Amino acid sequence: SHDSSLEFLRDFSFPVNPNIEVVESLAQVIEFCQKWQKDRHLLPYEIDGVAIKVNDLQQRETLGFTARAPRWAIAFKFPPEERTTLLKDIQISVGRTGRVTPFAVLESVFVGGSNVAMATLHNEDQVRLKDVRPGDTVTVRKAGDVIPEVVGPVLALRPDGLEPWVFPSVCPCPIKGELLRPEGEVNMRCVETDCPSQRDQRIIYFASRGGMDIEGLGERTVYQLSDAALVGDPGDIYSLTVEQLLTLDGFAQKGAEKLVVAIDGSKTRPLPKLLTALGIKHLGPGASEALATAFGNLDDIMNANEDDLATVDGVGGVIAASLISWFAKSENKSFIEKMRTAGVEFGNVQISRLPQNLVGKNIVVTGSLIDFDREGAERAIKDRGGKSPSSVSKKTFAVVVGGEPGASKLTKAEELGIPILDELGFQHVLETGELPQ
Ligand SMILES: [Zn+2]
């Protein structure tokens, strides 16, 4: 039995959880789950549930597996833990596209394994729907045990005369831009084009891993640079000097030199990364890749007309229109010219010399592989002319399944009768362009 093998391990001094119990009936299983749901905090570590397994190994054999999981083991997940705390304030933050998001400022409370002092409230309607008001005692939990969430107010504890929260009419940025809620949208927006808060977010996005990937240029440093008026747009980071950085709080010679080197190193990023980093509305990594392949350099993309952009596979009308209006703005032109002057490469497109044996084939990858990370697997497919969409459809050529695959992709593949490959099968497809026999 499972129990005796654990006993065996314990005899050899392997650490075995002392709270494991063998029970005789379903009623006892339920009792065990309820006990630990109540007592979970008595443990010196965090748990989110209880695992229940059939003890008899012979019975396990008989029960076997479904496509995804054993039939002899199941997890009982506790409902998310809830705590109450004081909602001190509701504040707003501005994103790089001007979207304004309200968030709760909470009296710090320990919930689901960590201290929570802030939680997003998403938008104006959500605040009204939940009817949370600064001064309320609110219930807080972690959605999926990760993201803190305000569930609602404890009305019995609401002080008399507490007013509903009103969405501010101006941006929290220094120039206090007007906030508007466009017809049919759930989000308020700061419509001021030179809003400093939006600009800061654009610089943070530009330097982030998905964009120019500049190590050491995170939120904190961007805010410092912005406060010191050293940057007006992302193009300005290329003229930053060690001396300027040394005037900022917390920068010493070594750190300043390191950041300048990192900024310099970002000048040779591939064109798709550069395009993504610009932060053009609707333009994500996939379309950036397609544009880079179709045009080869940034200048040709800037000079292309809307039709030429829209007909690129994976781009379309919405992105094309967004590109045209972005490149037409004088502040964006000057940002591009700053990068050109600094020597940022505008045409770094890697051309694959691999055989193009996957042209017209869509291969979906799910779960973790041993020899490829997620990006590496997608690159291997694209470098051979194939596509790697994120969902399974009738057009999918094959689904590659690694460890802990997405359940919905696997089910869909089975339903549609799409060939399912392991990592070896994937290697075969990459080499030959054909399914393994
Ligand atoms: Zn603003």
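Residues numbered from 1 in each chain as written. Predicted model: local features only at pLDDT ≥ 70, side-chain atom pairs only at ≥ 80, totals over all residues. Heavy atoms only, no water.

### Observations concerning the packing of aromatic side chains
Rule in force here: The aromatic pairing rule takes the rings of Phe, Tyr and Trp, using the six-membered ring of Trp, and pairs them if the centres are within 6.5 Å, calling planes under 30 degrees apart stacked, those over 60 edge-to-face and the rest tilted. What counts as a helix is a DSSP run of H or I of at least four residues, what counts as a strand is a run of E of at least two, and both are numbered from the N terminus. In this scheme, a residue with accessible area under 20% of its type's maximum is buried, one over 50% is exposed, and one in between is partly exposed, where area comes from a 1.4 Å probe on protein chains only. The rule is short: NZ of Lys or CZ of Arg within 6 Å of the ring centre and within 35 degrees of the ring normal puts a charge over the ring.
Within this structure, the stated rule accounts for 10 aromatic pairs. Plain terms: the ring middles of Phe372 and Phe426 are 5.2 Å apart, the flat faces sit at 65 degrees to each other, and that makes the pair edge-to-face. Here the residue Phe372 occupies a position in the loop between strand E10 (362-366) and helix H15 (374-382), and Phe426 occupies one in helix H17 (residues 423-432), the gap between them amounting to 54 residues. Here Phe372 matches Phe426 in class, with each residue buried. Every member of this aromatic cluster is reached through a ring pair, and the members are Phe206, Tyr238, Trp326, Phe327 and Phe335. We note Lys35 situated over the ring of Trp36; from NZ or CZ to the ring centre the distance is 4.6 Å. The ring of Tyr205 carries the charged tip of Arg96 above its face, separated from the ring centre by 3.7 Å.

### A few points about a nonpolar patch on the surface
Rules: A patch is a set of surface residues, each over 30% in relative accessible area and not in a salt bridge, joined within 9 Å for like charges and within 5 Å for the nonpolar side chains Val, Leu, Ile, Met, Phe, Trp and Tyr. Here the Shrake-Rupley method, with its probe set to 1.4 Å, supplies the accessible areas, and only the displayed protein chains count as covering residues. By definition, a salt bridge exists where a carboxyl oxygen of Asp or Glu is found within 4 Å of a side-chain nitrogen of Lys or Arg.
The grouping of Phe8, Leu9, Phe12 and Phe14 at the surface amounts to a nonpolar patch, some 440 Å² of accessible area in total. Within the secondary structure, Leu9 is located in helix H1 (residues 2-11). Given a relative accessible area of 34%, Leu9 falls into the partly exposed group.

### Details of a negative patch on the surface
Counted only if it meets this: This count recognises Lys and Arg as positive and Asp and Glu as negative, with His and chain-terminal groups excluded. A single reference atom marks each charge: NZ on Lys, CZ on Arg, CG on Asp, CD on Glu.
Among the surface-exposed residues, Glu178, Glu192, Asp194 and Glu331 lie close enough to one another that they form a single negatively charged patch. Note that Glu192 resides in the loop between strand E9 (188-190) and helix H5 (196-207).

### Here's the deal with the coordination of the zinc ion
So the rule is basically this: In this analysis a donor is any N, O or S atom within 2.8 Å of a metal ion (3.2 Å for sodium, potassium and calcium), and since water is not included, sites may seem incomplete. Only four donors with every angle between 85 and 135 degrees are called tetrahedral; only four or six donors with opposite donors over 155 degrees apart and all others between 65 and 115 are called square planar or octahedral, in that order; all others are irregular.
Bound to the zinc ion are the protein donor atoms Cys171 (SG), Cys173 (SG), Cys190 (SG) and Cys195 (SG), situated 2.2 to 2.8 Å from the metal. Its four donor atoms give the zinc ion angles of 83 to 142 degrees at the centre, a pattern that matches the irregular case. Counting gaps between the donor residues of the zinc ion yields the pattern C-x1-C-x16-C-x4-C. In terms of burial, Cys171 and Cys173 fall into one category: buried.

### Some words on the sheet that holds strand E11 (residues 396-401)
Rule in force here: Pairs of strands are assigned from DSSP output, requiring at least two bridges between the strands.
Across the sheet, three strands lie side by side as E10-E11-E12; this open sheet has parallel pairing. Of all strands in the sheet, those bounded by a partner on one side alone are E10 and strand E12 (420-421). For E11 and E12, the ladder comprises two bridges, and the chain directions are parallel. For Val399, the partnering residue across the bridge sits in E12 and is Ile420.

### Comments concerning the environment of Ser325
Put simply, the rule reads: In the analysis that follows, any N or O atom pair within 3.5 Å is treated as a polar contact, provided that within protein one partner can donate a hydrogen and the other can accept it, and provided that, for residues neighboring in sequence, both atoms belong to side chains.
Examined against the element boundaries, Ser325 turns out to sit in helix H13 (residues 316-328). In sequence terms Ser325 and Val344 are 19 residues apart; their C-alpha atoms lie 23 Å from each other. Here the side chain of Ser325 touches Ser322 through a polar contact of 3.4 Å, landing on its backbone oxygen.

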